[in-house]
Structure formats: C-alpha cells, structure tokens
Amino acid sequence: MRAGAGEWLWSAPVPDPRVDRDAAILYLHGGAFIAGGLHSYRRHTARLAALSELPVLTVDYRQLPDAHPNESLADALTAYRHLLDEGFPPEKIIVAGDSAGGGLALRLALTLRERELPLPVALSVTSPWADFDSTARLAHPNSRDDAVLPALGPDMVVRRGIAVDGELDPAWSVVNHDFTGLPPIFLQVGSREMLLTDALAVARRAEAAGVSLRLQIRPSAPHTLIHLGADLLADGRDAARDAAEFHRAMIDPGRLGRSAA
C-alpha cells in the first residue's frame with residue numbers, strides 16, 4: 001500500500017493488527033469523493049473498532065479534483081490486497097464504508113469478483129452512493145427532505161468531476177451490475193435521506209442475485225447521521241451497535257450462540 005494511504009485504529013484488548021493478523025475491517029470514508037479523510041473520520045472509525053471489537057484500517061484514497069473515482073477504486077483495491085499480502089484471511093475481512101465510501105465498498109467487491117480475487121466475508125455499508133445518475137434521486141420526495149445533503153450536490157459532483165467530456169459510463173455505478181456471488185451485505189440508510197433511492201436499488205440488485213442482505217431503514221434519519229451522529233443521537237448509537245453486532249457475527253458466526261448460552 002502506498003505510503004500514508006491508511007491508518008489502523010483498534011481498542012484494547014484487541015491485539016495490534018500489525019502483529020496479530022487475524023481479522024480486520026477495511027473502511028472507506030464518505031465525502032462525495034471531494035471531502036473526508038483520516039482526521040475527519042477518526043472518531044467514527046475508532047467507535048466502529050471499539051464496538052466491533054475489531055481493528056479498522058481506514059483508507060485515505062485519492063479524490064477529486066486530483067483523481068477520478070476510478071483511481072479511488074484503485075486505492076481501495078491496493079488496500080485490500082495489502083491486507084491479503086499481510087496475511088489477513090479474506091474470510092476474516094469486512095469491507096465497510098458510508099456514502100461515497102459505501103458505494104466504493106460495493107464497487108470494490110464487484111472488482112474483486114471480476115478479477116477472481118478472494119472476496120471479503122461481508123460488506124457493511126451506510127447510505128451508499130451507488131448510482132452516479134441522479135435521475136431517480138431528484139425525482140424522489142427525499143430530494144427536498146434531506147437535512148444534510150443538498151438536492152443537487154451529488155449531481156454537481158458528477159457533472160463537474162466524475163463525467164468525462166460530459167459522458168458518464170454506466171459501469172461506474174454499482175447499481176448497474178449483477179451482484180451474483182457477492183458476500184452478505186448489511187445496509188443502513190435513513191428514511192428521509194436523498195440516497196434512499198440508491199440503497200433501495202442496491203437491495204433490489206442483491207435480491208435479484210440471491211445475495212444475503214439485511215436492510216435497515218432508520219426512521220427520519222438524514223444522510224450519514226445514522227453513525228456520524230452517534231455521539232448525540234440515540235438512534236445513531238443503536239445503529240452503530242447493530243452494525244457492530246453484524247461485524248462480530250460475520251467474523252465469528254458461533255459467537256452469538258455462545259453468548260446466548
């Protein structure tokens with residue numbers, strides 16, 4: 001992995017992942033491919049690591065205007081291969097992300113499948129930006145209701161940064177792909193956020209491909225505040241705990257049964 005491209009976070013008693021290469025979450029931050037990074041997401045990823053009882057590697061992938069999302073994908077792929085090269089077994093890796101990072105996590109899984117590389121054990125995405133075509137989002141009532149994401153925000157990023165010579169390749173949007181063979185997906189989204197249409201499109205793709213998917217639509221939650229607002233919002237804390245429970249169950253399927261006993 002290129003120098004300075006990521007950061008490990010973990011909480012005791014979880015061992016140092018640079019020494020004990022057992023299991024990990026690979027996290028891809030949000031920010032519409034124009035914002036976000038290691039510093040702005042450190043509190044969130046630290047909470048994720050503590051609740052999941054797993055180390056988290058956050059990827060500082062390249063972004064607009066210096067790099068296209070295709071290059072962001074290349075950085076995510078490099079980070080995932082880094083984990084494999086370091087000895088982390090794919091059946092002990094979860095790829096997670098929110099917003100742009102959630103869509104990137106899904107796109108990474110599709111790329112791994114296409115290249116016949118080992119897939120992670122699961123995907124955990126929050127409010128994924130999964131469709132670069134804004135038509136469905138702008139037609140949905142949530143385009144007027146999301147208190148965080150402006151209605152024309154994603155479309156502006158696409159027109160000014162993602163489209164090349166005015167053209168948008170449909171293959172860049174994960175909702176235009178067959179999901180056959182992908183690992184289980186845990187998907188959380190707010191009922192009033194603009195990217196609800198993207199999340200529902202992902203759910204339909206998973207259902208059509210027979211991919212296990214657990215969909216949580218959190219009532220009245222605006223974009224990404226499901227987790228990023230967990231310090232202030234009770235529903236955010238509940239959502240974070242639900243995601244962590246999924247992570248633990250995917251890494252150690254027998255754990256919940258033993259806890260119940």
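Residue numbers here run from 1 along each chain, matching the order of that chain's written sequence. Given that this is a predicted model, residues contribute local features only at a pLDDT of at least 70 and side-chain atom pairs are listed and counted only at 80 or more, while totals for whole chains, interfaces and linings are drawn from all residues. Think of the side-chain values as coming from all heavy atoms in the structure, minus any hydrogens and water.

Trainee: Summarise the overall build of the chain; cite the residues concerned and give the values.
Mentor: Helix and strand definitions here come from DSSP, where helices need a minimum of 4 consecutive H or I residues and strands a minimum of 2 consecutive E residues; each element is numbered from the N-terminal end. Along the chain, the regular secondary structure elements total nine helices and seven strands. At 17 Å, the chain has a C-alpha radius of gyration in line with the 18 Å of a compact globule built from 261 residues. Looking at the chain as a whole, 53% of its 261 residues qualify as buried. Counting only contacts in the chain whose residues sit at least 6 apart along the sequence, the fraction spanning at least 24 positions is 79%. Here, Shrake-Rupley sampling with a 1.4 Å probe gives the accessible areas, and only protein chains in the shown set may cover a residue. For the chain, the accessible area works out to roughly 11,300 Å², and carbon and sulfur atoms hold 52% of it. His is not counted here, nor are the chain ends, while Lys and Arg score as positive and Asp and Glu score as negative. Charge placement uses NZ in Lys and CZ in Arg. For Asp and Glu, CG and CD serve respectively. For the chain, the distance from the average site of its 26 positive side-chain charges to the average site of its 33 negative ones is 4 Å. Here the globule rule is a power law, 2.2 Å times the number of residues to the power 0.38, and the radius of gyration is based on C-alpha atoms. Residue exposure (1.4 Å probe, protein chains only): buried if accessible area is under 20% of the type maximum, exposed if over 50%, otherwise partly exposed. We call two residues in contact when some of their heavy atoms are within 4.5 Å.

Trainee: Before we move on, could you go through the sheet that holds strand β4 (residues 93-98) and cite the residues and values that matter?
Mentor: When DSSP locates at least two bridges between a pair of strands, those strands are taken to pair. Spatially, β1-β3-β2-β4-β5-β6-β7 is the arrangement adopted by the seven strands of the open sheet, whose pairing is mixed. Among the strands making up the open sheet, the edge pair consists of β1 (6-9) and β7 (213-218). Pairwise comparison of adjacent strand axes, ignoring direction, gives a mean angle of 15° for this sheet. As paired strands, β1 and strand β3 (residues 56-59) are joined by four bridges and run antiparallel to one another. Bridge pairing links Gly6 to Val59 in β3. Axis definition: a line fit to C-alpha positions, over the contact stretch in the case of helices; interaxial angles, taken between N-to-C directions, run 0 to 180 degrees. On top of the sheet, helix α2 (residues 69-85) reaches β1, β2 (24-28), β3 and β4; it is set at about 170° to β2, its chief contact.

Trainee: Outline the environment of Gly87, listing residues and values.
Mentor: Take Gly87: it is sitting in the loop between α2 and β4. Given the relative accessible area of 45%, Gly87 is considered partly exposed.

Trainee: Give me the lowdown on the nonpolar core, citing residues and values where you can.
Mentor: The definition of a nonpolar core used throughout is a set of buried Ala, Val, Leu, Ile, Met, Phe, Trp, Tyr and Cys residues joined through side-chain atoms within 4.5 Å. One finds Leu26, Phe33, Leu108, Trp129, Ile162 and Phe179 to be the most contacted residues of the largest nonpolar core, which totals 52 residues. Top contributing element to this core by residue count: helix α3 (residues 100-114), with eight residues. Ignoring anything within four residues of it in the chain, the contact list for Ile162 reads Phe33, Leu64, His68, Pro69, Trp129, Phe132, Val157, Leu168 and Trp172.

Trainee: Report on helix α5 (residues 153-162), specifying residues and quantitative values.
Mentor: Those residues of α5 that fall on the buried side of the exposure criterion are Gly153, Pro154, Asp155, Val157, Val158 and Ile162. The inward-facing, buried residues of α5 contact α2 and α4 (135-139).

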